[in-house]
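Here's the letter readout for the chains.
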Amino acid sequence: MKDGKLVTLAIESSCDETAAAVMLDGREMLSNIISSQIDIHKLYGGVVPEIASRHHLNNVNTVVEQALEESGLDMDDVDMIGVTYGPGLVGALLIGLATAKAYALATGKPLIGVHHIQGHISANYIEHKELEPPFMALVVSGGHTNLVEVTGYNECKVLGGTRDDAVGEAYDKVARVLGLGYPGGPLIDRIAGEGNPDAVEFKRVFLEKGSLDFSFSGIKTGVLNYVNSEKQAGREINVADVAASFQAAVLDVIVKKTVDSAVELGKDKIVMAGGVASNSRLREMLGSACRKRGIKLYHPSPVLCTDNAAMIGCAAYYKYIAGGRDDLTLDAVPNLEL
Ligand code: KG4
Ligand code: ZN
């Protein structure tokens, strides 16, 4: 405890970020350490699972020590240990989970397993002190694209998801086709700002009427086909125009489905989460669609959009105060459902 508040030490290692954080009563961030492996995976154009696990193993203890040191607290002050146990890369998850279990066993502190997506959504509670459920959540990251109805801190229902690629994955693949580099999301975000979103007409995939699912593999192929046919015709490709047109096609669908679902379910708040939630055009488009419907839009700042442990600490706290506990049999679940 610290000043009568519960202290959470949280660990996240589901993909290519080794992260640890210390939180007070779930919403107050005392430290948030993120050791990113992006520069290593960049060499391969994407995350290499085995390499990710090895780097998590090398970094995790240092990251936890730094998080405690920066918080000004020590292990005796900690009330619970929160950790991501899925979904994610199994080898990567196992490193964070084994570390959290070791701390829990050595100190006798309760272990709280957190769903990674629950964590992403909870990132919003950290910066928006007044935010409370219920609301509609749009989770858009490198591994996920979900519309989630959040009815309580620990209660939610997935209304739709991607049938193929996650939206961040589509950004990363299209960036590769355009020769922009990795990770592609922020690069497309930047260059699309200089392009014309109406330059190339890519198909908007809405699926069956009423469906809140998504499909992004078609647009990825659409961009590839467009680039190849232009090259064959000997025409120069305007990368900014293609990036802007791709982005417009993807975001038109996401924004419409998100706002329609909120209106349908009578939600007056929409919360964005995940790496793609820091996309500037998505924020603009969703922001303007929400204003027209009288819906309040929330999103975390970029550092809390991408993978971090503060969001895991927040979700762990809400699970803990609702009586949730895990034990040392908790296993990593790569395809964990919400
Ligand atoms: O949430 P995150 O760090 O990891 C997962 O849980 O997947 O999200 C990473 C993804 C990557 O695909 C990256 O390209 C994308 O988020 N991303 C963006 C932006 N920043 C990160 N996509 C579009 N625009 C951005 N500004
Ligand atoms: Zn994530």
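Above: the structure in question.
The notes below deal with the structure included here. (Residues numbered from 1 in each chain as written. Chains lettered and ligands numbered in written order. Predicted model: local features only at pLDDT ≥ 70, side-chain atom pairs only at ≥ 80, totals over all residues. Heavy atoms only, no water.)

## Focus on the site of ligand 1
Formally: Proximity is defined per residue: any heavy atom of the residue falling within 4 Å of a molecule or strand makes that residue near it. Within 3.5 Å is the distance limit for a polar contact, defined as a pair of N or O atoms, with the added protein rule that one can donate a hydrogen and the other accept it, and that residues adjacent in sequence qualify only through two side-chain atoms. Helix and strand definitions here come from DSSP, where helices need a minimum of 4 consecutive H or I residues and strands a minimum of 2 consecutive E residues; each element is numbered from the N-terminal end. The classification used treats Ala, Val, Leu, Ile, Met, Phe, Trp, Tyr, Cys and Pro as nonpolar, Asp, Glu, Lys and Arg as charged, and all other residues, Gly among them, as polar.
Around ligand 1, 20 residues are found, and the nearest of them are G142, D172, D189, G275 and N279. Interatomic distance of 3.3 Å between a side-chain N/O atom of S141 and an oxygen atom of ligand 1. In this structure, an oxygen atom belonging to ligand 1 sits 3.2 Å away from a main-chain N or O atom of G168. Mapped by element, the contributors of at least two residues to the shell around ligand 1 are α4 (116–127), α5 (167–177) and α6 (184–192). Its residues placed into classes, the shell around ligand 1 shows five nonpolar, 12 polar and three charged.

## Points about the sheet that holds strand β8 (residues 155–161)
The condition that has to hold: Only when DSSP finds a minimum of two bridges between them are two strands counted as paired. Between N-to-C directions, angles span 0 to 180 degrees; the directions come from axes that are lines fitted to C-alpha atoms, helices contributing only their stretch in contact. Should any heavy atoms of two residues lie within 4.5 Å, those residues are counted as being in contact.
One open sheet accounts for five strands, arranged β8-β7-β6-β9-β10; its pairing is mixed. The open sheet terminates on both sides in strands that have one partner only, identified here as β8 and β10 (296–298). Taking the axes of each pair of neighbouring strands and ignoring which way they run, one obtains an average angle of 25° across the sheet. Strand contacts of α4: β6 (135–140), β7 (145–152), β8, β9 (269–273) and β10, with the helix running at about 120° to β9, the strand carrying the most contacts. Sitting on the sheet, helix α8 (residues 239–264) is in contact with β6, β7 and β9, with an inclination near 160° to β6.

## Topic: the environment of D77
With respect to the helices, strands and loops of the structure, D77 is situated in the loop between α2 (49–71) and β4 (80–86). Distance in space between the C-alpha atoms of D77 and L336 is 31 Å, their sequence separation being 259 residues. With residues up to four places along the chain from it excluded, the contact list for D77 reads M1 and V7.

## Some remarks on the sheet that holds strand β3 (residues 28–36)
Sheet architecture is open: five strands sit in the order β3-β2-β1-β4-β5, paired in mixed fashion. Two strands in the sheet have a free side with no partner beyond their single neighbour: β3 and β5 (111–115). Ignoring strand direction, the axes of neighbouring strands in this sheet form an average angle of 20°. On top of the sheet, α2 reaches β1 (7–12), β2 (17–24) and β3; it is set at about 25° to β2, its chief contact. Along the sheet face, α4 touches β1, β2, β3, β4 and β5 and points at about 95° away from the line of β5.

## Let's talk about the pattern of salt bridges
What counts, and what does not: By convention in these notes, a salt bridge is any Lys or Arg side-chain nitrogen within 4 Å of a carboxyl oxygen on Asp or Glu. Note on classification: 1.4 Å probe, protein chains only; a residue is buried when its accessible area is under 20% of the maximum for its type, exposed when over 50%, partly exposed between these limits.
Following the criterion strictly, the structure yields 13 salt bridges and no others. Note that K267 and E149 form a salt bridge whose closest N and O atoms lie 2.8 Å from each other. Here E149 lies in strand β7 and K267 lies in the loop between α8 and β9, a separation of 118 residues in the sequence. Side by side, K267 and E149 carry an identical accessibility label, which is buried. Within this structure, D165, E169, K173 and K220 form a network of salt bridges that share partners.

## A few points about the packing of α5 against helix α7 (residues 217–232)
Stated precisely, the cut-off is as follows: When an angle is under 35 degrees it counts as roughly parallel; over 145 it counts as roughly antiparallel; between 65 and 115 it counts as roughly perpendicular; any other value is oblique.
At a minimum axis separation of 10 Å, α5 and α7 run at an interaxial angle of 10°. When the axes of α5 and α7 are compared, the pair comes out roughly parallel. Packed against α5, whose contacting residues are K173, V174 and V177, the element α7 presents K220, V223, L224 and V227 at the interface. The residue makeup of the contact of α5 with α7, split by class, is five nonpolar, no polar and two charged.

## A few points about helix α11 (residues 310–321)
Just so we agree on the cut-off: Here a helix's expected span is defined as the number of its residues, less one, multiplied by 1.5 Å.
For α11, built from 12 residues, the straight-helix expectation of 16 Å at 1.5 Å per residue is met to within 8% by its first-to-last C-alpha distance of 17 Å. Burial of α11 is extensive: 10 of the 12 residues sit out of reach of the surface. Restricting attention to buried positions, one finds in α11 the residues A310, M311, I312, G313, C314, A315, A316, Y317, Y318 and Y320. The first or second residue beyond α11 is G323, which carries a positive phi of 95°.

## Regarding the packing of aromatic side chains
Selection criterion: The criterion for an aromatic pair is that two Phe, Tyr or Trp rings (for Trp, the six-membered ring) have centres within 6.5 Å, with stacked assigned to planes under 30 degrees apart, edge-to-face to planes over 60 apart and tilted to the rest. In our convention, an over-ring charge means Lys NZ or Arg CZ found within 6 Å of a ring centre and within 35 degrees of that ring's normal.
Counted according to the given criterion, the structure contains eight aromatic pairs. Ring geometry for Y153 and Y318: centres 3.8 Å apart, planes at 5°, overall stacked. Within this pair, whereas Y153 is found in the loop between β7 and β8, its partner Y318 is found in helix α11, the two being separated by 165 residues in sequence. Look at Y318 and you get buried, because its relative accessible area is 9%. The residue whose ring lies beneath K257 is F214, and the NZ or CZ to ring-centre distance is 5.6 Å.

## Regarding unusual backbone geometry
Across the junction of P133 and P134, the peptide omega takes the value 5°, indicating a cis bond. By the secondary structure assignment, P134 is in the loop between α4 and β6. Cis geometry marks the peptide bond from Y182 to P183, where omega comes out at -10°. Locating P183 in the fold gives a position in the loop between α5 and α6. The backbone of D3 sits at a positive phi, close to 50°, despite the residue not being glycine.

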